[in-house]
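Overview (structure and organization)
So the chains spell out like this:
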Amino acid sequence: MEFIRMNMKTIVFLNALATVVWGAPSLCDPEDEFLGIFCKEPEPEQPKCMDIMMNYCNDMSYTHTVFPNILGHRTREEAEVGPEYLLVSVVHNLLNGECTPDIRMLGCSVLVPRCEKEKVLKPCRSTCEAVRKNCYHAFEGIEMAWPYFLDCDRFFVSDQEGCYDPLEGLRAKQEEGNTPEKPHTVIQFSYQSNAQMNSILKKTAARCPEIAMTYSIGRSVEGKDLLVIEFSNNPGVHELLEPEMKYIGNMHGNEVLGRQLLIYLAQYLCSEYLLGNRRIQTLINTTRIHILPSMNPDGYELAAAEVHDTIDPENEEAQNYNSWTLGRGNAQNIDLNRNFPDLTTIVYSRRRHRRFRSNHIPIPDAYWFGKVAPETYAVMKWIRSFPFVLSANFHGGELLVSYPYDLSKHPLEQKMFSPTPDEQVFKQIARTYADAHATMSEGNSGRCENFGSIGQDGIINGARWYSFAGGMQDFNYLHTNCFEVTVELGCDKFPAEEELYTGWKDNKEALLTFMESVHRGIKGIVKDADGNGIKGARISVRGIRHDITTAENGDYWRLLTAGIHILTASAPGYTRAMKKIHLPARMQKAGRVDFVLQKAVVEPDMEEDYRIPSMGTYEDFDPYNQFERYTISEQNQNREEGQEKPWWWSYFSHAHGSAPTWLLRN
C-alpha cells in the first residue's frame, strides 16, 4: 500500500508538471499553408550562444547554450515539449531521489549543450559511462530503459575531442561542503521481495564496480531472473590459478534464512572492501566468488505471501503448514533438490568396474525425458560453465552441515552411511562451516531432531541422515570438479524478521571462513613442452577414486587433507607425470604443484578404462533441445509481460500523446 501511495503522489506531481510543460505555444501546422506569410518557415539563422532558459537546467556550470541542440531540437520551445525534457524534469520523483541530480544534469548537457564561441561543446563520454554504471539499476527498478539520449557512445565524446565534465559544478559544490562520509556497512535486517532483492544486488554491484558485477543465469518458471552477484578483483574474468566458489540460497522457496544471509553477505563484502578490511580485501583479491541468493524465487513469493496472510499466534497449524510445505517446490511444484540427474545410482552400479572413477559422469539420455525444471536447467548449465572448486547451498529445518553422498548405497536402507572417495575432504569442509558457526558444533542440545539422530559435531553424511536421489550436491561432485555441501541453518524455515540479525551474527564468521577454505589443498598448471596449458588434463590422487580436470588454460585446484599424497597428471596424447607431495597440517594456502607433459603415442585403452560403458560422453548436454524449449517459454512470458505496462506508462502516454517506446525495457 505504501508503494501504491508513493506512486500516486508521483503521478499527481507528474500531471501538475505536464500542465506547465505542455502549456508551451504550439508550432505552426504545415496544413495551414493557406494562411500565407503567417505560416512560412522562418529563415534559417546562424547558431549563436544564448542564455539557458530551461527551469530544470539552470544550475549547470555554464550559462550559455545553442540551438539546434545535440538532439536536433531547433528551438528552446521544441526541446521543452519533447519527452526527453519531461523525463529530465521528473527523474527525481521517478527514481525517488536516487542518482539525482546526476541524471538530470547529464540529460541537460544534451538538451542544452554548452556553447562557446557560437559552437557546441559536447559532454565527456567518461562522465556518462560512470553515471550509467552507478545508476542503471535505478531505471531497472522501475522497469524503465536507460534513456536513449544518454547513450554514451552516440551523444558524448572522448577527452581527446575537447569535451567537458557536465557534473563539474556539482562536484565543486560537494568539495566545498563537508568532508565526505567514510563508507560504512549498513544492513537492513528485514525480508525483501524478489524485486527488492534484485535491486539490492544491483545497487551493491554499482557501489563497488571495481570488484562486483551481477549477471543472470536464467529465469524461473514465472519469468523471474535467477540473479547472481560476483565478487573478484577482476569481475567477469577467470584469472589463472584463482579458485572460484559459489553460494546458493533458497533452493526450497520456503527455506529463507539462507537467502537473507547471502543478501547481507553481498552488502558486507562490498562495504568492508571499501572500508579497507584487509581480510575481505585479501579474500576478494584472491578468489572469484559467485552468490545466487535465490534459486527458487517463485516458491519464495508463494511462501512469503502465505506467511503474511497467516500471522496468527493462535493458529499453529497454519504456521506449521507454511513452514514445511507451501512454497517448497517451484511454480511447477517440483522439488528442485530432487530434480537433478541421479548420477549416484550410476556410480554404485559401476563401482566395481576396473579403474572406474567417480567423476565427470555424463548425464543419461533418460534424464531429459523427465520433467526438468527451468531453475534446475539454469543451475546445471551454470555449474558446467565455471571451474567451481567449492560450494555450499543453504536450507532450513535442522542445524547441521550434510555432505555427499545423499543417496544410500543400498536401495532399501534409508539411513545408511554412504561415503564418497573424498570422505575425509568432505568432513573437513563440513567441519569448517560447523566449527565457525556460533552453535552448530555444540552437540545435540536444542537441535530440531526432525530426522532423528544427527551426531555430535554438527556434520553428517547425507545418506546417513536420510536418503534421496537427484540432489544438487551429489550432482556437483559426480559431474564436475566442484565439492558442495548442504548447510541447514536452523529449525525454523521462515524465522521471524526480528531473528534475522541473530542469524547473521551466528553465521557471518562461518560464511567467511568457508570461502577462505577454497584455498586448501593444491593448485597448479598442467602444460605441454612448449609451455601451453592443457585443457581437460586429469589430476589423480592415489587411493582416491575421484579425479579432477584442468580448466581452459590448464590450471587446476584439488582440495586435499594434510598428509603425503601421490599425484598423477595425464591427458590423451601425452605421457603421464607423477609427483609425491607433503601437505603440512594447518597450511593456510594451497600448495603449488605444476606438471609438464611430453607428447606421446595415444594409448587407445586409456580413455576406455575411465569411461562408463554405453552412457555417452560428458560433452553431451541437452541433446533434445530443452534449452530451446525454455527460451521459447521465456519469450512467451516476456510477450505476456509486455502487455502490462509499468505504473508510470499511462502518464507519459497521456502527457505526450504518443508515448516514446524507448521508455520500455523490452
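The protein has the name Carboxypeptidase Z in an unreviewed UniProt entry, where Salmo salar is given as its organism. Its UniProt record gives the protein a comment under Subcellular location (unreviewed entry), which states: "Secreted".

**Quick notes on the packing of aromatic side chains**
Evaluation of the coordinates by the stated rule reveals 34 aromatic pairs. Pairing F340 with F475 gives two aromatic rings, centres 5.4 Å apart and planes at 40 degrees, and the pair type is tilted. Note that F340 is positioned in the loop between α12 (316–324) and α13 (344–350) and F475 in helix α17 (residues 472–479), a separation of 135 residues in sequence. Comparing F340 with F475 shows no difference in burial state: the two are buried. The interplanar angle of 70 degrees and the centroid separation of 5.2 Å between the aromatic rings of F426 and Y477 together place this pair among those described as edge-to-face.

**As for the pattern of salt bridges**
Counted under the stated rule, the structure contains 27 salt bridges. Taking the shortest distance from any N to any O, the salt bridge between E255 and R328 comes out at 3.4 Å. Of this pair, E255 sits in the loop between β7 (244–248) and α9 (257–275) while R328 is found in the loop between α12 and α13, placing the two residues 73 residues apart along the sequence. Look at E255 and you get buried, because its relative accessible area is 4%. Linked by salt bridges that have partners in common, E255, R328, D335, R338 and K493 make up one network.

**Brief notes about the environment of N69**
Looking at the secondary structure, you find N69 in the loop between β2 (64–65) and α2 (76–80). With a relative accessible area of 6%, N69 lands in the buried category. Those residues in contact with N69 that lie beyond four places of it in its chain are A79, V110, L111 and P113. In terms of polar contacts, N69 uses its side chain to reach the backbone amide nitrogen of G72, at 3.0 Å. Among the polar contacts made by the side chain of N69, one reaches the main-chain carbonyl oxygen of L111 at a distance of 2.8 Å.

**A few points about the pairing of strand β12 (residues 483–490)**
Here β12 lies mainly inside the structure; eight of its eight residues are buried. Bridge count between strand β10 (residues 398–403) and β12: five bridges; the pairing is antiparallel. Paired with L400 across the two strands is E488, which belongs to β12.

**Some words on the pairing of strand β14 (residues 538–541)**
Neither face of β14 is left uncovered, since the one carrying R538 and S540 and the one carrying I539 and V541 both have all their residues buried. Of the strand pairs in this sheet, β14 and strand β15 (residues 544–549) are connected by three bridges, and their pairing is antiparallel. Residue pairing for β15: V541 is matched across the bridge by I544. Between β14 and β15, which pair antiparallel in sequence order, lie two residues; one of them, G543, sits at a positive phi of approximately 90 degrees.

Cut-offs used in this document
Residues numbered from 1 in each chain as written. Predicted model: local features only at pLDDT ≥ 70, side-chain atom pairs only at ≥ 80, totals over all residues. Heavy atoms only, no water. UniProt positions renumbered as here; feature names shortened; annotations may be inferred. Phe/Tyr/Trp six-rings, centres within 6.5 Å; stacked < 30°, edge-to-face > 60°. Helix = DSSP H or I, 4+ residues; strand = E, 2+ residues; numbered from the N terminus. Buried < 20%, exposed > 50% of the residue type's maximum accessible area, 1.4 Å probe, protein only. Salt bridge = Lys/Arg side-chain N within 4 Å of Asp/Glu carboxyl O. Contact = heavy atoms within 4.5 Å. Polar contact = N/O pair within 3.5 Å; in protein donor to acceptor, adjacent residues only side chain to side chain. Pairing = 2+ DSSP bridges.

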